[in-house]
Amino acid sequence: GMFVTTMTVVPMATRQVLGFQGWRVAFVLVGLISVGVSALVLFLMAEPPHCEPAGGGQGGCKAVAHEAQNLCRFFGIPTFCVMIMQGI
């Protein structure tokens, strides 16, 4: 997606398109495509049902701490760290 966007938008950026600066037209087009794709995802993809844990789950600060621990585990994966450093 990024490659196609770059190859389409960069040549358009310095030109006049329909009386507007090309980068402005490109910005609007990319935004409209994003809204269109999100609408397709909303209507065409079904979200799986959520199951409540047997113990009733954790609440409040315990739930936040548990999620933070899960997040920190990702930093132990070398490929994840590389992706973060690349800005993906």
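Residues numbered from 1 in each chain as written. Predicted model: local features only at pLDDT ≥ 70, side-chain atom pairs only at ≥ 80, totals over all residues. Heavy atoms only, no water.

Visitor: Could you give an account of the overall build of the protein chain, naming the residues involved and the relevant values?
Guide: Along the protein chain, the regular secondary structure elements total 4 helices and 2 strands. Seen in sequence order, the protein chain has helices and strands lined up from the N terminus as α-β-β-α-α-α. In terms of C-alpha radius of gyration, the protein chain reaches 21 Å, well past the compact-globule figure of 12 Å for 88 residues. Its C-alpha atoms put the protein chain at 60 × 35 × 20 Å along the principal axes. Residues classed as buried in the protein chain amount to 5% of the 88 residues present. Accessible area of the protein chain: about 7900 Å², with a carbon and sulfur share of 73%. (Helix = DSSP H or I, 4+ residues; strand = E, 2+ residues; numbered from the N terminus. Rg over C-alpha atoms; globule rule 2.2 N^0.38 Å. Buried < 20%, exposed > 50% of the residue type's maximum accessible area, 1.4 Å probe, protein only. Areas by Shrake-Rupley, 256 points an atom, 1.4 Å probe, with all protein chains shown as cover.)

Visitor: Tell me what's going on with a nonpolar patch on the surface, and back it up with residues and numbers.
Guide: A contiguous nonpolar surface patch, about 920 Å² in accessible area, is contributed by Ile33, Val37, Leu40, Val41, Leu42, Phe43, Leu44 and Met45. Classification of Phe43 as exposed rests on a relative accessible area of 67%. (Patch = residues over 30% accessible without salt bridge, like charges linked within 9 Å, V, L, I, M, F, W, Y side chains within 5 Å. Salt bridge = Lys/Arg side-chain N within 4 Å of Asp/Glu carboxyl O.)

Visitor: Explain unusual backbone geometry residue by residue, including any values.
Guide: Phi is positive for Leu18, which is not a glycine, with a value near 55°. With respect to the helices, strands and loops of the structure, Leu18 is situated in the loop between strand 1 (16-17) and strand 2 (20-21). You can call Leu18 exposed: its relative accessible area is 79%.

Visitor: Tell me about the packing of aromatic side chains, and name the residues and values.
Guide: Taken as a whole, this structure holds 2 aromatic pairs when the rule is applied. Between Phe74 and Phe80 the ring centres are 5.5 Å apart and the planes differ by 40°, which places this aromatic pair in the tilted class. Between Phe75 and Phe80, the ring centres sit 5.4 Å apart and the planes meet at 75°, which makes this aromatic pair edge-to-face. In this structure an aromatic cluster arises from ring pairing among Phe74, Phe75 and Phe80. (Phe/Tyr/Trp six-rings, centres within 6.5 Å; stacked < 30°, edge-to-face > 60°.)

Visitor: Quick one: what's the story with the layout of surface pockets, residue by residue and with numbers?
Guide: Here the largest pocket is characterised by a volume of approximately 170 Å³. Along its surface, the largest pocket is lined by 11 residues, and Thr5, Thr8, Val9, Val30 and Ile33 are the ones closest to its centre. Across the lining of the largest pocket, the residue classes break down as 7 nonpolar, 4 polar and no charged. (1 Å grid on protein atoms, 1.4 Å probe; cavity = no way out; pocket = protein on both sides within 12 Å on 5 of 7 lines; lining within 4 Å. Points joined across faces, edges and corners; volume = space filled by probe spheres on them. Nonpolar A, V, L, I, M, F, W, Y, C, P; charged D, E, K, R; others polar.)

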